[in-house]
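Inside the fold
Chain by chain, the residues:
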Amino acid sequence: MPGHGLVTDPLLGGGNLLDGPGLALDGGAERPVRRGRIVDPESCGRLLGRIADAALGPDRTDSVIVLSHPVLAGAVHRNAARELLAGLGPTRVLVLSSARAAAAYAGPRDAGPLLVVDMGAELTEVTLLVGGRIADARQAETGLSDLDPATLPVTLVGTVLDMVKSMWRQDRHGAIRGALRKGPVLAGGGALRPDVTDRLARCLGTPVRLAEDPSTTVVRGAGQILSSMLRHGASASALPGRAR
């Protein structure tokens, strides 16, 4: 939010709703989103409502909300999220993939091929973007929270390498080779760990691109795309990399 930075829900344990006191999520509480999917729509709706009340206030006229989703999220999950957001009363809801958002924040500004590696708590994704659009993608439903801390770097990097190799075998136009020469964009909590990023760079044989805060790369990129769209008066249909 302009002037406020990241606005989070205190019940999820980090920070404030603008300037209110934080309240940690208790150990028995369940998060309403798991593996990139909404598993508890009612709780998710309440969470989004609290954030909207604090960030947007009661009058949602002319407000625009951007939703970023895992690259391989199916239509059912995207539509469920879109319906929840529509219930908040914004004028528009824009939907884009997490890889497109990460690329907007941390990627180079050329339109060539780009590899985005997102290593989150519950999902690991590798996406090949060409001209801002998804050319190929892989997903593993494991993340930092699933791995043994002692073997996390080896296991996580191995998972990423398996997905890159799978994409390489199916690449007929050399896009994955070009993306690797450029260096992949790393996002998610896994990118905060030097033991992961250094090992991945060595195994791929290429430098890697890191944003200032990889764990918020996706949300910051979504914000950049929204700001750019609003400045130039673009329509939702003109949004690069939009979900189709």
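So, here is what we can say about the structure in this document. (Residues numbered from 1 in each chain as written. Predicted model: local features only at pLDDT ≥ 70, side-chain atom pairs only at ≥ 80, totals over all residues. Heavy atoms only, no water.)

Considerations on the sheet that holds strand E6 (residues 124–130)
Stated precisely, the cut-off is as follows: Each pair of strands is called paired provided DSSP finds at least two bridges between the two strands. Helix and strand definitions here come from DSSP, where helices need a minimum of 4 consecutive H or I residues and strands a minimum of 2 consecutive E residues; each element is numbered from the N-terminal end.
Spatial strand order, E7-E6-E5-E8-E9: 5 strands in an open sheet with mixed pairing. Edge positions in the sheet fall to strand E7 (133–140) and strand E9 (209–210), since each has one partner strand and no second. As defined by bridge partners, strand E5 (residues 114–119) adjoins strand E8 (residues 185–187) across 3 bridges and the pair is classed as parallel. The partner of Val116 across the bridge, within E8, is Val185.

Some remarks on the environment of Pro10
Within the fold, Pro10 resides in the segment before strand E1 (33–34). For the pair formed by Pro10 and Arg50, sequence separation is 40 residues and the distance between their alpha carbons is 9.5 Å.

Structural notes on the nonpolar core
Stated formally: We call a set of buried residues a nonpolar core when its members are Ala, Val, Leu, Ile, Met, Phe, Trp, Tyr or Cys and they connect through side-chain atoms within 4.5 Å of each other. Exposure classes here rest on a 1.4 Å probe applied to the protein chains alone. A residue is buried below 20% of its type maximum, exposed above 50%, and partly exposed in between. Any two residues whose heavy atoms approach within 4.5 Å at even a single point are treated as in contact.
Judged by nonpolar contacts, the single largest core of 24 residues is most densely connected at Leu115, Met119, Val126, Leu128, Val160, Val164 and Leu200. Within the residue set of this core, elements represented by two or more residues are E5, E6, helix H4 (152–170), helix H5 (175–182) and helix H6 (194–204). A total of 8 residues in this core trace back to one element, the largest contributor, which is H4. Not counting the four nearest positions on each side in its chain, Val160 is found in contact with Val117, Met119, Thr124, Val126 and Leu200. By size, the runner-up hydrophobic cluster in this structure holds 18 residues, among which are Ala101, Ala187, Val218 and Ala222.

Comments concerning the pairing of E5
Two faces make up the sheet, and in a regular strand the side chains alternate between them. Within E5, 6 of the 6 residues are buried, which leaves the element mostly enclosed by the surrounding structure. Going residue by residue along E5, you find Leu114, Val116 and Asp118 tucked away on one face and Leu115, Val117 and Met119 tucked away on the opposite face as well. Relative to E6, E5 runs antiparallel, the two being bridged by 6 bridges. Bridge pairing in E6 places Val116 opposite Thr127. Taking the residues that link successive antiparallel strands as the turn, the E5-E6 hairpin has 4 residues.

Quick word on unusual backbone geometry
In this model, Arg35 sits at a positive phi of 50 degrees, which is unusual for a non-glycine residue. Along the chain, the position of Arg35 falls in the loop between E1 and strand E2 (37–38). The phi angle at Asp62 is positive, at roughly 65 degrees, despite the residue not being glycine. Among the structural elements, Asp62 can be located in the loop between helix H1 (41–56) and strand E3 (64–69). Of the residues examined, Asp62 reaches a relative accessible area of 65% and is grouped as exposed.

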